[in-house]
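Architecture at a glance
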Amino acid sequence: MPRFRAILDTMPPYKAGKAVVSADGRSYKLSSNESPYGPLPSVVEAIAKAASEIHRYPDPAATGLTDALAERYGVPPEHVALGAGSVTVAQQLFETVSEPGAEVIYAWRSFEAYPLLADLAGATSVRVPLLGETHHLDAMAEAITPQTRMIFVCNPNNPTGTVVHAAELAAFLDRVPENVLVVLDEAYREYVRDADVTDGLTVYRDRPNVAVLRTFSKAYGLAGLRVGYLIADEPVAAAVRKTIVPFAVNHLAQAAAVASLAAEAELLERVDTVVKERTRVREALIAQGWTVPITEANFVWLRLGERTTAFAEACAADGVAVRPFAGEGARISIGSPEANDTFLAAAAAFRAA
């Protein structure tokens, strides 16, 4: 039998959100933080046009998309690195810093891919427990050692939706050595309405050891095409580009992302609709008696402890898929009003029972 890396025996597979169907045929997938809206007509048109060219390899440098992102954010193209979704760019980041003995710090619970990516890259994970439902930045700073290579700050945090505010982030970054890379994972940035949450792109300009990670999967509704990007100082972005698999960002994805940036104003109107629904869902849950942290993402978080699995099963029976973290809580994406209403009814029934 072929020999494999020993670490694979200890690694659980990544669990993606699943769809469920109720006995009467209802099915609402609120388990993957996807946009409830499809691509805009102009984006669909760009995809259709690009489809006639898929017998050719995509531009390996994704020049058009790189230039569009650079123009959108007022940064040099050399500061942009791309990948097949932000999780793949995160994997590239782990590969750039990891070697035996290297440590990577992140909050826990946070994005569930972090430990998998660390293990695959051969880095040592240093998990710092949340303070309530939020990053404990003081504890994360205290966890830094000479072996620390990288720190992830997921802002808003997945799965709790909580945020790190400007002053505490600045104080934290002041404590991080200049040779430690800090990655601000801002996959849900477009949903943030708290004015005291710093845009990472304003931070990185003054701090060469800060990188910003974003995606087209959530607010832009391109989860199925897989486009993520990093903006960082040139040495960081260049290192990340060295680890990309050739042709990783396919031709359709590049075309759709460029078209999405061109239609950004219209797309962000949809984001505003999701934010309004987020407020409605959270307030309804609180009225039912649940404790729901303030969220700045496109989901809500319920700390359920031992009731988590039962809650997810009850929602599934009503045709609503949520994302349970056994023994901890459940993350529920904001979907269409109909999907949200069905979830709220299931949550109310569970609480009453």
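This is a predicted model, so every value here is computed, not measured.

Here is what the cut-offs are and how they apply
Chains are numbered independently. Their residues run from 1 in the order of the written sequence. Under the rules for a predicted model, residues below a pLDDT of 70 receive no local features and side-chain atom pairs below 80 are neither given nor counted, while totals for whole chains, interfaces and linings still include all residues. Heavy atoms from the whole structure form the basis of all side-chain values; hydrogens and water molecules are not counted. Pairing of aromatic rings covers Phe, Tyr and Trp, the last through its six-membered ring, and needs centres within 6.5 Å; plane angles under 30 degrees mean stacked, over 60 mean edge-to-face, and all others mean tilted. A run of H or I in DSSP becomes a helix once it reaches four residues, and a run of E becomes a strand once it reaches two; helices and strands are each numbered from the N terminus. Relative accessibility under 20% of the residue-type maximum defines a buried residue, over 50% an exposed one, and the middle range a partly exposed one, all with a 1.4 Å probe and only protein chains included. Axis definition: a line fitted to C-alpha atoms, over the contacting stretch in the case of helices. Angles run 0 to 180 degrees between N-to-C directions. In this scheme, roughly parallel covers angles under 35 degrees and roughly antiparallel covers those over 145, while 65 to 115 is roughly perpendicular and the rest are oblique. Two helices crossing with the near one rotated counterclockwise from the far one by less than a right angle form a left-handed crossing, whereas a clockwise rotation gives a right-handed crossing. Note on contacts: a residue pair is in contact if any heavy atoms of the two residues lie within 4.5 Å. For this scheme, ten residues count as nonpolar: Ala, Val, Leu, Ile, Met, Phe, Trp, Tyr, Cys and Pro. Four count as charged, namely Asp, Glu, Lys and Arg, and the remainder, Gly too, count as polar. The reported arc concerns the directions from the helix axis to the C-beta atoms and nothing else. Residues belong to one nonpolar core when they are buried, are Ala, Val, Leu, Ile, Met, Phe, Trp, Tyr or Cys, and are joined through side-chain atoms within 4.5 Å. Throughout the structure description, domain borders are defined by an automatic or database domain assignment. In this description, strands pair whenever DSSP reports at least two bridges between them. UniProt positions are given in the numbering used here, feature names are shortened, and annotations may be inferred rather than shown by experiment. Expected span of a helix, by definition, is 1.5 Å for each gap between consecutive residues, and there is one gap fewer than residues. Under this definition, polar contacts are N or O atom pairs within 3.5 Å; protein pairs additionally need one hydrogen-donor-capable and one acceptor-capable atom, and for neighbouring residues in sequence, both atoms have to be side-chain atoms.

**Details of the packing of aromatic side chains**
- Applying the stated criterion across every chain yields a total of 15 aromatic pairs.
- Geometrically, the ring pair formed by Tyr 188 and Phe 299 is edge-to-face, given 5.2 Å between the ring centres and 85° between the ring planes. Of this pair, Tyr 188 sits in the loop between β6 (181-185) and α7 (200-203) while Phe 299 sits in strand β9 (residues 299-303), placing them 111 residues apart in sequence. We note that Tyr 188, like Phe 299, is buried.
- A connected cluster of aromatic rings, assembled from ring pairs, spans Phe 94, Tyr 106, Trp 108, Phe 111, Tyr 114 and Phe 152.

**Brief notes about the packing of helix α10 (residues 264-288) against helix α12 (residues 337-352)**
- Running from N to C, α10 and α12 point in directions that differ by 15°, and their axes come no closer than 10 Å. In this view, α10 runs roughly parallel relative to α12, as classed from their interaxial angle. Crossing hand, α10 versus α12: right-handed. Side by side, α10 and α12 meet where Glu 277, Arg 280, Val 281, Ala 284, Leu 285 and Gln 288 of the first sit next to Pro 337, Asn 340, Asp 341, Phe 343, Leu 344, Ala 347, Ala 348 and Arg 351 of the second.
- Taken together, the residues of the contact of α10 with α12 break down into eight nonpolar, two polar and four charged.

**Section: helix α6 (residues 166-175)**
- Taken together, the buried positions of α6 are Leu 169, Phe 172 and Leu 173. Each buried residue of α6 lies within a common arc of 95° when the element is viewed along its axis, so the set occupies one face. In α6, the exposed residues that point more than 90 degrees away from the buried face are Ala 167 and Asp 174.
- Buried residues belonging to α6 abut α5 (137-142), β5 (148-154), β6, α7 and β7 (210-215).

**Notes on the nonpolar core**
- Ranked by size, the top nonpolar core spans 85 residues in total, and within it Phe 172, Phe 216, Leu 285, Phe 311 and Phe 343 carry the most contacts.
- A domain split of this core shows at least three residues from each of domain 1 (17-39 + 264-352) and domain 2 (41-262).
- Excluding residues within four positions of it along the chain, Phe 216 makes contact with Leu 65, Leu 69, Gly 221, Leu 222, Ala 223, Val 227, Tyr 229, Ala 257 and Leu 261.
- Tyr 114, Leu 117, Ala 118 and Val 236 belong to the second-largest nonpolar core, a separate cluster that totals 27 residues.

**Concerning the sheet that holds strand β2 (residues 80-83)**
- The sheet built from seven strands is open, its strands ordered β2-β8-β7-β6-β5-β3-β4 with mixed pairing. Edge positions in the sheet fall to β2 and β4 (124-129), since each of these pairs with one other strand and no more. Each adjacent strand pair in this sheet contributes to an overall mean axis angle of 25°, direction not counted.
- As paired strands, β2 and strand β8 (residues 228-232) are joined by four bridges and run antiparallel to one another. Opposite Ala 81, over in β8, you have Leu 230 as the bridge partner.
- In the packing of helix α2 (residues 63-73) onto the sheet, contacts are made with β2, β7 and β8, and the angle to β2 comes to roughly 130°.

**Notes on the UniProt feature "domain: Aminotransferase class I/classII large" (unreviewed entry) in the chain**
- Residues given the UniProt feature "domain: Aminotransferase class I/classII large" (unreviewed entry) here are residues 29-344.
- Annotated as 40% helix and 17% strand, the span residues 29-344 places its first and last C-alpha atoms 14 Å apart.

**Topic: helix α9 (residues 251-262)**
- Over its twelve residues, α9 runs 17 Å from end to end, which matches the ideal 16 Å to within 8%, given 1.5 Å per residue.
- Burial in α9 covers these residues: Ala 253, Gln 254, Ala 255, Ala 256, Ala 257, Ala 259, Ser 260 and Leu 261.
- Considering only its buried residues, α9 is in contact with α1 (41-51), α2 and α10.
- Capping the start of α9, Asn 250 holds a side-chain oxygen 2.9 Å from the backbone nitrogen of Leu 252, two or three residues further along.

**Regarding the sheet that holds strand β11 (residues 323-325)**
- Strands sit in the order β9-β12-β11 across an open sheet of three strands; the sheet is antiparallel. The open sheet terminates on both sides in strands that have one partner only, identified here as β9 and β11. The mean inter-strand angle of the sheet, taken between neighbouring strand axes irrespective of direction, is 15°.
- Inspection of the sheet shows β9 paired to strand β12 (residues 329-333) by five bridges, in the antiparallel sense. If you follow Arg 303 over to β12, its bridge partner there is Gly 329.

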